Amino acid sequence: MYKLLAPILLLITQISFAEPLELYWEDMVPKGYVDPNIPLTHNNSMQQQNLDSPTVPELNGKLVKIPGFMVPLEGDNEKITEFLLVPYFGACVHVPPPPPNQIVYVKFSKEVSIQNLYDAVWVTGTLSTNTWQGDLATVGYTLQGMDISVYD
């Protein structure tokens, strides 16, 4: 019986303490893909460019940890449940949104506390290549949030 139980306990331990894959924004663009060079105009247009930018299918279902900035969708300056995670401050608010493969729609099942809405954060959760579309942007990735912490 112990011979059968040991491998099961080992598997449970490995699943419980799985380390998330640390992703950076360049990892979310397929190798060899180059965004078309569309010049940024300063004509007050907030239109998103490169709506057909591809995602990386191998990232679907992965437990990941991604740094970025929050663009709140649901919540306030103390607690939040939904937001867009973007690679640079002001994206989707002060400047046009980045391509969809550079935005992650994050949803937590319950409110999570945040220290400062303007701080860079690490977000951990299960990544999906399901798209999401809202008023601010078309998004290439979604993430079921598990943890959020200040970026060091």
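For the structure, see preceding data.
As the structure is a computational prediction, the values presented were derived from the model and not from experiment.

Novice: Outline the pattern of salt bridges, listing residues and values.
Specialist: Applying the stated criterion across every chain, the model contains 1 salt bridge. Across the salt bridge formed by Glu82 and Lys107, the nearest N and O atoms sit 3.1 Å from each other. Taken together, the residues Glu82 in strand 3 (residues 79-86) and Lys107 in strand 4 (residues 104-113) connect sequence positions 25 residues apart.

Novice: Lay out the nonpolar core with the relevant residues and their values.
Specialist: Buried together is how nonpolar side chains tend to be arranged in soluble globular proteins. Core analysis: the largest hydrophobic core is formed by 23 residues, its most contacted members being Ile66, Phe83, Leu85, Val104, Val123, Leu127 and Ile148. For this core, the elements supplying multiple residues, two or more each, are strand 2 (63-75), strand 3, strand 4, strand 5 (121-128) and strand 8 (141-150). A per-element tally of this core places strand 4 first, with 4 residues. The residues contacting Ile148, other than those within four sequence positions of it, are Met70, Phe83, Phe108, Val112, Ser113, Ile114, Val121, Trp122 and Val123.

Novice: Explain the packing of aromatic side chains to me, using residue names and the numbers behind them.
Specialist: Remark: the centre distance and the inter-plane angle together describe each pair of aromatic rings, the angle taken between the planes. By the definition in use, this model includes 6 aromatic pairs. When the centroid spacing of 6.1 Å and the interplanar angle of 75° are considered together, the rings of Tyr24 and Trp122 count as edge-to-face. In this pair, Tyr24 sits in the loop between strand 1 (21-22) and strand 2 while Trp122 sits in strand 5, placing the two residues 98 residues apart along the sequence. Assessed through its relative accessible area of 29%, Tyr24 is described here as partly exposed. Ring plane angle 25° and centroid distance 6.3 Å describe the contact between Phe83 and Phe108, whose orientation is recorded as stacked.

Novice: Just give me the short version of the pairing of strand 5, but keep the residues and values in it.
Specialist: One face of the sheet, then the other: side chains in a regular strand alternate in exactly this way. The buried fraction of strand 5 amounts to 7 of the 8 residues, a majority that puts the element mostly inside the structure. Relative to strand 8, strand 5 runs antiparallel, the two being bridged by 8 bridges. Its bridge partner being in strand 8, Trp122 is matched across the sheet by Ser149.

Definitions and limits used
- Residues numbered from 1 in each chain as written.
- Predicted model: local features only at pLDDT ≥ 70, side-chain atom pairs only at ≥ 80, totals over all residues.
- Heavy atoms only, no water.
- Salt bridge = Lys/Arg side-chain N within 4 Å of Asp/Glu carboxyl O.
- Helix = DSSP H or I, 4+ residues; strand = E, 2+ residues; numbered from the N terminus.
- Core = buried A, V, L, I, M, F, W, Y, C linked by side-chain atoms within 4.5 Å.
- Buried < 20%, exposed > 50% of the residue type's maximum accessible area, 1.4 Å probe, protein only.
- Contact = heavy atoms within 4.5 Å.
- Phe/Tyr/Trp six-rings, centres within 6.5 Å; stacked < 30°, edge-to-face > 60°.
- Pairing = 2+ DSSP bridges.

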